[in-house]
Amino acid sequence: MIVGYNEEHFLKQCFESVSFCNDVHYTDLGSTDNSIMVAQQYANNIYHRQPVPSCEMIQAEVVNYTKNDWVLFIDPDEKVDPSLAEQIANEFDAINANDKIGGVMVPWQFYFKQKKLNGTVWGGMNQKYLLVNKHRFHFDPVVHYGRKLKDGFVQYTIEPDASKTNVLHHYWMSSFKVFIKKHLRYLKNEGQDRYDLGVRTGWSKVVVSPFKEFYRSFYTLKGYKDGPLGIALSAFWSWYQTSAIFSLYKIQKKKAKLS
């Protein structure tokens, strides 16, 4: 499953990296570039939907149209490294034979303007669910929190190899303009989604958040390895998390007044 909007410049490499999949679904959110033309060369199912704050909202629908139990979901700006694709193919029979495995977690490498990130909350060697069994995995229409294993199932983890090439490459952001625009879109729903998931906060957490989150991104997660970019991304992360927590706090206060 791939969901895209005006990402023609990434789509070809994304589609080609999942050529080992036999059922490809692409959902377009109203692109004005040549994304549809690119998708027509690779996808056997193409859907047209209105723009949404996050692709989780589309995936929760499209996963029901896939013909296989095992579904790979990937963003247009991501690429499965050939060595990772080969490893998944080699290990798939064993994964499929275990009825307790609900998802496959893979190494995930972020890039900013094509530059590999070594630190911050996005940098270093992260992990992401790439391949999941749709009967054992939740796809809920919730920003950042809608994808998770169902109770009773476990993940299968593929570890980075010695050369750290068996990764899911994430060409995450092409500019600060795109970066800010995308996260402002996420932020519109972040507070409400956290509230709906049962997360609660207090004023003290709002106050502490800017310092705590910057320290976590820049020091704990080694954002300093990325120099000035690490400072900028850590500062933005601090602002984003604080804004999300403050939004949650305001929703809590409003709900308390209504009750």
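Reading guide: rules and limits
Residues numbered from 1 in each chain as written. Predicted model: local features only at pLDDT ≥ 70, side-chain atom pairs only at ≥ 80, totals over all residues. Heavy atoms only, no water. Phe/Tyr/Trp six-rings, centres within 6.5 Å; stacked < 30°, edge-to-face > 60°. Helix = DSSP H or I, 4+ residues; strand = E, 2+ residues; numbered from the N terminus. Buried < 20%, exposed > 50% of the residue type's maximum accessible area, 1.4 Å probe, protein only. Lys NZ or Arg CZ within 6 Å of the ring centre and 35° of its normal. Core = buried A, V, L, I, M, F, W, Y, C linked by side-chain atoms within 4.5 Å. Contact = heavy atoms within 4.5 Å. Axes fitted to C-alpha atoms, helices over the stretch in contact; angles between N-to-C directions. Parallel < 35°, antiparallel > 145°, perpendicular 65-115°, else oblique. Left-handed = near helix turned anticlockwise from the far one by under 90°. Nonpolar A, V, L, I, M, F, W, Y, C, P; charged D, E, K, R; others polar.

Trainee: Can you help me understand the packing of aromatic side chains in this one?
Mentor: Within a pair of aromatic rings, the relevant descriptors are the distance that separates the centres and the angle that separates the planes. Using the criterion set out here, one finds 28 aromatic pairs in the structure. Taking 5.2 Å as the distance between ring centres and 75 degrees as the angle between the ring planes, the aromatic pair formed by Tyr129 and Phe137 counts as edge-to-face. Ring centres of Phe176 and Phe179 lie 6.2 Å apart, and the angle between their planes is 75 degrees; on these two criteria the pair is classed as edge-to-face. On the criterion of helical spacing, the pair formed by Phe176 and Phe179 is a turn pair, its members being three residues apart in helix H5 (residues 176-196). What makes Phe176 partly exposed here is its relative accessible area of 32%. By relative accessible area, Phe179 is classed as buried at 0%. Pairwise contacts between aromatic rings join Trp108, Phe110, Phe112, Trp122, Trp172, Phe176, Phe179, Phe236, Trp237 and Trp239 into one cluster. Taking NZ or CZ as reference, Arg200 lies 3.7 Å from the ring centre of Tyr195, over its face.

Trainee: Is there a simple way to explain the nonpolar core in this structure?
Mentor: The biggest cluster of nonpolar side chains holds 42 residues, and the ones touching the most others in it are Phe15, Ile74, Trp122, Leu130 and Trp172. Apart from residues no more than four positions distant in its own chain, Trp122 is found in contact with Phe110, Leu117, Trp172, Phe179, His183, Leu233 and Trp237.

Trainee: Help me out: how do you make sense of the packing of H5 against helix H7 (residues 227-258) in this one?
Mentor: Between two packed helices, both the angle of their axes relative to each other and the distance between the axes serve to describe the pair. Look at H5 against H7: their axes get within 8 Å of each other, and the N-to-C directions meet at 30 degrees. With respect to H7, the element H5 is oriented roughly parallel. Viewed along their axes, H5 and H7 form a crossing whose handedness is right-handed. Its residues placed into classes, the contact of H5 with H7 shows 17 nonpolar, seven polar and three charged.

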